[in-house]
Structure formats: structure tokens, C-alpha cells
Amino acid sequence: MTKIITIDGPSGSGKGSVSRLLAKKLGFSYLDSGALYRLLSIAASRHKVASSNQKGLKSLAEHMDICFESDVTGGLRALLEGEDVTLEMRTENTGERASKIAGHSEVRAALLKRQRLFAKGDGLVADGRDMGTVIFPTAHLKIYMTASIEERASRRYKELLAKGEDVSLRALAEQVRARDERDMNRVVSPLVPAEDAIELDTSNLSIKEVLETILGILDFKRF
Ligand code: DC
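Summary of the structure given here. (Residues numbered from 1 in each chain as written. Predicted model: local features only at pLDDT ≥ 70, side-chain atom pairs only at ≥ 80, totals over all residues. Heavy atoms only, no water.)

**Some remarks on the site of the ligand**
Link 1 in the chain: Around the ligand there are 17 residues in total, and R38, R108, R129, R179 and D183 lie nearest to it.
Link 2 in the chain: Interatomic distance of 2.8 Å between a side-chain N/O atom of R108 and an oxygen atom of the ligand.
Link 3 in the chain: Within the side chain of D183, one N or O atom sits 2.9 Å away from an oxygen atom of the ligand.
Link 4 in the chain: Here the ligand loses 96% of its free accessible area of 450 Å² to cover by the protein chains.
Link 5 in the chain: Elements represented by at least two residues in the shell around the ligand include exactly α2 (33-46), α5 (92-101) and α9 (169-185).
Link 6 in the chain: A per-element tally of the shell around the ligand places α2 first, with four residues.
Link 7 in the chain: Taken together, the residues of the shell around the ligand sort by class into four nonpolar, five polar and eight charged. (Near = heavy atom within 4 Å. Polar contact = N/O pair within 3.5 Å; in protein donor to acceptor, adjacent residues only side chain to side chain. Areas by Shrake-Rupley, 256 points an atom, 1.4 Å probe, with all protein chains shown as cover. Helix = DSSP H or I, 4+ residues; strand = E, 2+ residues; numbered from the N terminus. Nonpolar A, V, L, I, M, F, W, Y, C, P; charged D, E, K, R; others polar.)

Okay, here's the thing in C-alpha cells:
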């Protein structure tokens, strides 16, 4: 049986980095479910399908030709219709549109099937918003990762500065707040902790400390 660990939480909580490292450490596969929504967001823009066109987006979600590969640093490389869209996938624009698109129930249903296909082999670490509540409700371990809005905005600020982008910390904090609002208050699969999730506030923890905490929980559970 494939062992499943879900790590849900808002953007900037650190779930992506921690999930990738955890999967590597355990020799498990990794699902970055946000990347699926982000690729759909890019596909919609390429094929001129509006964020309000639920039927068109559903069809794109079912048929889009996507592929994930590990790059040399262990990061995730994403291909859409054979084109490397890794950088475009991480822009604020793509994320904003992904968050809007993610509110459509038919889009979520189409992506649900694609996400469950990642559960094979020894184990899977799945990160996103509804991994523990909807996609893998019987997961063996569910973590809900949070951090304060200020800390999440500041992490994003440093990331963008390192990439040479000129951004305002205040504007970023506003974007983080708006994205939380949309992801947590949508009607279908809103971002909420699963009842059986362990909540982890990472505001004052480094990625290494979060990883060690989760490994400690796995030890305790004799996972
Ligand atoms: O985790 P992320 O920032 O890459 O996700 C981008 C958007 O995709 C996020 O704002 C909401 C949506 N999303 C979702 O609705 N459900 C998921 N499981 C993952 C992402």
C-alpha cells in the first residue's frame, strides 16, 4: 500500500520546500498540487480561455499535456505541451489566476483524478490546500502548516529580491492576504485543516527545523 503524507497550508507557509525535502528523505514521490493549478492557469492564458469559463477550463484541465521532472538541484521542472514553463509557473500573475480558476468545482473535479494518479509506489508526499480534506482523506499523516501573514510576505519578498525583482513588502502582504481570503472562503474545497491534521506554525522555524519536527512525528507514530 502506498503511504501518503499530506501537507496543506496557505502560500508561503513553507510547505513546498519542506514537502520536497521530506519526499526525498523518505524516498517517496512528490505531488505539488499547486503546480497543476498553475499550469492550468498558463494553459488558459495560452489558449485564451477566460478565468470565468468553467466548461472551457474543465476541458483544459482534463486534457492539458503536462510533465514534471526533477532538475539538477532537486527542484521541480514543469513542461506544458513540451515547453519548459518553470519560471512562468512561479510568477505572482500565474498564482493569482490559479487561485481564481481553483474556485470552479468542475475544474477541481477534473484535477482530482489527475492528482490521485500520483499515489503509487512506496509513498507520496502531497502538498496543497485540500490534500488531507478532499484528495487523500485517508492519508496516514496530515500536516496543516501555517505562518503569520507578515512572515509569509517577508519570505516571498526575500525570494523575489534574490531573483532581482523590485517589489514592495506592503503590496506583497496585501496580495498574501487577498489570496488567503480567496483560498479559505471559496465554496468548494476551501483551505481548512482536516479534522485529523496536526497543525504546525512555522513562523519562527527554519525549513530544517520544520523537517526535523515532521520526522520526529513520523518516528513517534512508528511510520
Ligand atoms: O500552492 P500554490 O501557491 O502554488 O497554489 C496556487 C493556487 O492554486 C492557490 O492560490 C490555490 C490553488 N490551489 C488549490 O486550490 N488547491 C490546491 N490543492 C493547490 C493549489
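**Focus: the sheet that holds strand β3 (residues 66-70)**
Link 1 in the chain: Spatial ordering of the open sheet is given by β3-β4-β5, a layout of three strands whose pairing is antiparallel. Unpaired on one side and paired on the other, β3 and β5 (83-84) mark the two borders of the sheet.
Link 2 in the chain: Two elements, strand β4 (residues 76-80) and β5, share two bridges in a ladder whose sense is antiparallel. Bridging across to β5, L79 finds its partner in D84. (Pairing = 2+ DSSP bridges.)

**Remarks on the pairing of strand β7 (residues 141-146)**
On a regular strand, one side chain projects to one face of the sheet and the next to the other, so that they alternate.
Link 1 in the chain: Burial of β7 is extensive: five of the six residues sit out of reach of the surface.
Link 2 in the chain: In this structure, strand β1 (residues 3-8) lies alongside β7, joined through four bridges in parallel fashion. When the bridges of β7 are listed, D8 appears paired with Y144.
Link 3 in the chain: Two elements, β7 and strand β8 (residues 198-201), share four bridges in a ladder whose sense is parallel. For I143, the partnering residue across the bridge sits in β8 and is I198. (Buried < 20%, exposed > 50% of the residue type's maximum accessible area, 1.4 Å probe, protein only.)

**Here's the deal with the sheet that holds strand β2 (residues 29-32)**
Link 1 in the chain: With parallel pairing, five strands are arranged side by side in an open sheet as β2-β6-β1-β7-β8. Sheet topology places β2 and β8 at the edges, where each strand pairs with a single neighbour. On average, adjacent strands in this sheet sit at an angle of 20° to one another, irrespective of strand direction. (Axes fitted to C-alpha atoms, helices over the stretch in contact; angles between N-to-C directions.)

**Notes on the pattern of salt bridges**
Link 1 in the chain: Tallied over the full model, the rule gives 19 salt bridges.
Link 2 in the chain: Residue R186 pairs with D183 through a salt bridge whose shortest N-O separation is 3.7 Å. No difference in accessibility class separates R186 from D183, as the two residues are buried.
Link 3 in the chain: Beyond isolated ion pairs, a larger network of salt bridges with shared partners links R46, E83 and E88. (Salt bridge = Lys/Arg side-chain N within 4 Å of Asp/Glu carboxyl O.)

In short, the description is geometric, and any link to function would need to be established separately.
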